Every structure is written in C-alpha cells, then in structure tokens.
Amino acid sequence: MKFLQSYPKEVKIFLAASLINSAGGSLMWPLTTMYVFDELGRSMADAGLVVMIQAFGGIIGQLLGGALYHRVGVKRLIVGSLGLCALGLFTLPFISSIWALYMVMMGFIGLCNAVSMPAIQAFVGFRFADRRGELFNVIYVANNIGVALGTALSGFLADVSYHLTFILNGATSAVFALFFLNYLNRLDKEEGPVHLAKKAKKETGESVPALLGNTRLYLYLGLGSLFLWFGNSIWNTGVSPHIISEGMPKRAYGFLWTLNGILIFVAQPVTTWIKRWFAKDSSSQMTASGLFYLAAYVVILTLPSYPGLVLAMTLATLGEMLISPAVPAFISDHAHKAAPFYIGVTGGMTALGRMIGPYFMGILYDRGELAPVAWLSIGIAVVAVACFVVHALRNKAAERSLSGSIEG
C-alpha cells in the first residue's frame, strides 16, 4: 500500500470507511434473487421484479442526489440518505413476509443508497480538487476490494441467516453515515460551513432546464455509459446461462468475477501505462474503455470456450478500470459547481442501462443462446464508442473556441 503514503490522513480514513461500506452493501445484492426464491418461496419472475424495482429506485436516487446537492446541503444529503438506507435495511427482517411492503422497501433502499452516490462523488471532487482524478481511481479500487470481501462473505452468512446479511448491511450504512456526520462537523469547525451547503444554490445560478440544455457536458457521456452498461449485461444474461448449458461447474462463473476483483487491484500499472501513453485525458479514457469492452464481446462471440471467457473478462475489466474514475473526474473538472447535478444525471442514465439490459438479453438468449446476445453487445459497444468520440470532439471544439475567444 505504498501508493497511499502520499495521501493525507483524512483521505486514508475516508478510503477505509468507503471500503467498509461497499463490503456491507455487497453482502446483500448477490443474495436478493436467492432470498426471494428460497426464503420467501416466490417465483424467479418475482425475484426479477424485485431487482428491477430496486434498480428503478436507484435511477430516481441518482437524479435526486445530483439535483438536491446544493438545495439540501452536503451534510444532510449524505448523512440523511445513508441513515434512511440503514433504517430500511434494519426493517427488512420484520416486513419481508408482506410481499407488497417488501417490494416497496427494496425500492426505497435502492433510492436512498443511490442518493448518496453523486453527493459523495461531488464532495470528493470539490474537497480534493488538485488530485481528484487519481483519488477517484483509488476510491474505485477501495470500493472493489470491499465488494470482493462482501461477496465472499455473503454465501457464508446466508448459510447462517439471510436476515443477518440485512442487519450487517444496515450496520455498515449506519457506520458510514456516522463517519460522514463526524467528518463534516469537524470540517465545519475547522473551515466554516462546508462549501456546498444551502447557500451554494445561488452560486450555481442555473435552473434545471438550463443545466440540461448544456448537452456538451453530459449527454453523449451519459449515453455512452448507458449503452456500455447495457452491453455489459451479457455477463449475467448470456455468459452465466452459457456456462451452465455447456456443463461447466457453476464455480467457473464465480471465478470470472473473482478475476475481475483481482485485476482491479493488481492491473493498476497497466491502466496507468495506458493513461500515460494513449489516453491522457478523461474523454480519451472513456473511448479507450469502450474499445476494450468491444474487444471483450468480440472474444465472447468468436471464442466462447472458458479460456475465451477469461480473456474477455480481462479485457472488460480493463475497460471498467478506465471509465469508472474517468466519468466523475471529467464532470468535476468541467462542470464546476454544477458537478453534483451532472453526476446524478449520468449516474441515472448508467443505471437505466443496467436495468433494461438484462431484459432484452434474456429474450435473445431464450431464442438463440449466446451468439445473438454477443452480437447485440458488440453492436451496443460500437454505439457507445461513437458516443464517447462525439463527446470528446464536442468538448475539444468548445475548448478551442473558448481559447480563441480569450486570445482574441
């Protein structure tokens, strides 16, 4: 962990808290379908409906988190949303026998958890403006270490009690909320009210329609992310049933995600080299990410054996490592005080891709198994790359225009 030595103590504490929270969050999501089918005795269609409701709540939460950042204030938004998420998780063991109430609560949990996401990303971008790009990447790595730990523990905890996973997830959300409450209170005492409380509403100065009209900042970036994560549904709705239908052990699919977690940590020198020589700015990193995803889907189509799937996961993981920190970094660099709004909008678009992708790919897999799903992912990845290229060209043109007007 030598790379952490150059960061101040508050960054290290934030990373530790973020890791713990992501570990807690990942305790539950792999088990939702299993819990509905096994514990509640519902159909797989019902399980899919719960996942969709939670995802829809996440879309609304992303949009609200960005829109309310300056209106509510960073402290109340982050601490409040995490606290409500924890409260919802604590109630699940007591209300899950009431099916309608369980579905509503899962949507509420998805919403509250998502509200905090753009708020935290925007706060990091403002608080550590001089190193925001590399810090977004370090947070991304820490969160994925937490996900790896959480998913590894989830199966063992489920054998003991599904309800225990809800309680532990709620506990980590509550701890994260208390961390932010203490952290932001301390900043208030040391530096005055944290920049980005209610008064900042006046500083943004633009209405929602005006912000949405600035399509250069978010539209093609958001569409590219939507299509990219739509296509990435192939792993759950194409590769997973393909492994089972080919008679491979189920643990082979789990290993692919273990590989994903390992690469996110150990392949940092590879993506650092790519950024240094081929994709120096965040817009170029998004385009490079789309190309890696496209290459992964081509491998799945042409080499659907297990070694091919391992290669495809390697390529897709490199794409993930490039885009995940690049999006909030670009928005924080270019949107300034309006960054929370745009982070929320693009996060909502990304969540929409994750929500609708499995449905369409499930239909295609039922009709023709892996090949048509892979073709769809390839086509969608091409569209995503095109969106990122348009995004980069529009912003370069705007920068040249601004530079010319300043010189003039």
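Residues numbered from 1 in each chain as written. Predicted model: local features only at pLDDT ≥ 70, side-chain atom pairs only at ≥ 80, totals over all residues. Heavy atoms only, no water.

### Here we look at the nonpolar core
Inference 1: Phe180, Trp235, Ile300, Ile331 and Tyr342 are the most contacted members of the largest nonpolar core, which has 95 residues in total.
Inference 2: The greatest single-element share of this core, amounting to 15 residues, is contributed by helix α16 (residues 306–335).
Inference 3: Dropping the residues within four chain positions of it, Ile331 is found in contact with Leu221, His336, Ala339, Tyr342, Ile343 and Thr346.
Inference 4: Tyr35, Val36, Val50 and Cys112 belong to the second largest nonpolar core, which has 17 residues in total. (Core = buried A, V, L, I, M, F, W, Y, C linked by side-chain atoms within 4.5 Å. Buried < 20%, exposed > 50% of the residue type's maximum accessible area, 1.4 Å probe, protein only. Helix = DSSP H or I, 4+ residues; strand = E, 2+ residues; numbered from the N terminus. Contact = heavy atoms within 4.5 Å.)

### Comments concerning the confidence of the model for the chain
Inference 1: The predicted model of the chain has a mean per-residue pLDDT of 82, with 87% of residues at 70 or higher.
Inference 2: When the criterion is pLDDT under 50, residues 195–203 qualifies, and its contacts beyond four places in sequence or with other chains add up to 18 contacts. (pLDDT = per-residue confidence, 0-100.)

### Some words on the packing of helix α6 (residues 99–127) against helix α17 (residues 339–368)
Inference 1: Relative orientation of the contacting elements α6 and α17 amounts to 140°, with a least axis distance of 9 Å. With respect to α17, the axis of α6 lies oblique. The way α6 lies across α17 gives a crossing that is right-handed. Contacts between α6 and α17 involve Pro118, Gln121, Ala122 and Phe126 from the former and Ala339, Pro340, Ile343 and Gly344 from the latter.
Inference 2: Its residues assigned to classes, the contact of α6 with α17 comprises 6 nonpolar, 2 polar and no charged. (Axes fitted to C-alpha atoms, helices over the stretch in contact; angles between N-to-C directions. Parallel < 35°, antiparallel > 145°, perpendicular 65-115°, else oblique. Left-handed = near helix turned anticlockwise from the far one by under 90°. Nonpolar A, V, L, I, M, F, W, Y, C, P; charged D, E, K, R; others polar.)

### Overview of the side chain of Glu320
Inference 1: Within the secondary structure layout, Glu320 lies in helix α16.
Inference 2: Here Glu320 occupies a buried position and makes no salt bridge, while the nearest side chain of opposite charge, Arg354, is found at 6.9 Å.
Inference 3: Engagement of the side chain of Glu320 in a polar contact is seen with the side chain of Tyr140, the distance being 2.9 Å.
Inference 4: The residues touching Glu320, leaving out its near neighbours within four places in the chain, are Tyr140, Asn144, Trp229, Asn260, Ile264, Ser289, Tyr293 and Pro325. (Lys, Arg positive; Asp, Glu negative; His and termini not counted. Salt bridge = Lys/Arg side-chain N within 4 Å of Asp/Glu carboxyl O. Polar contact = N/O pair within 3.5 Å; in protein donor to acceptor, adjacent residues only side chain to side chain.)

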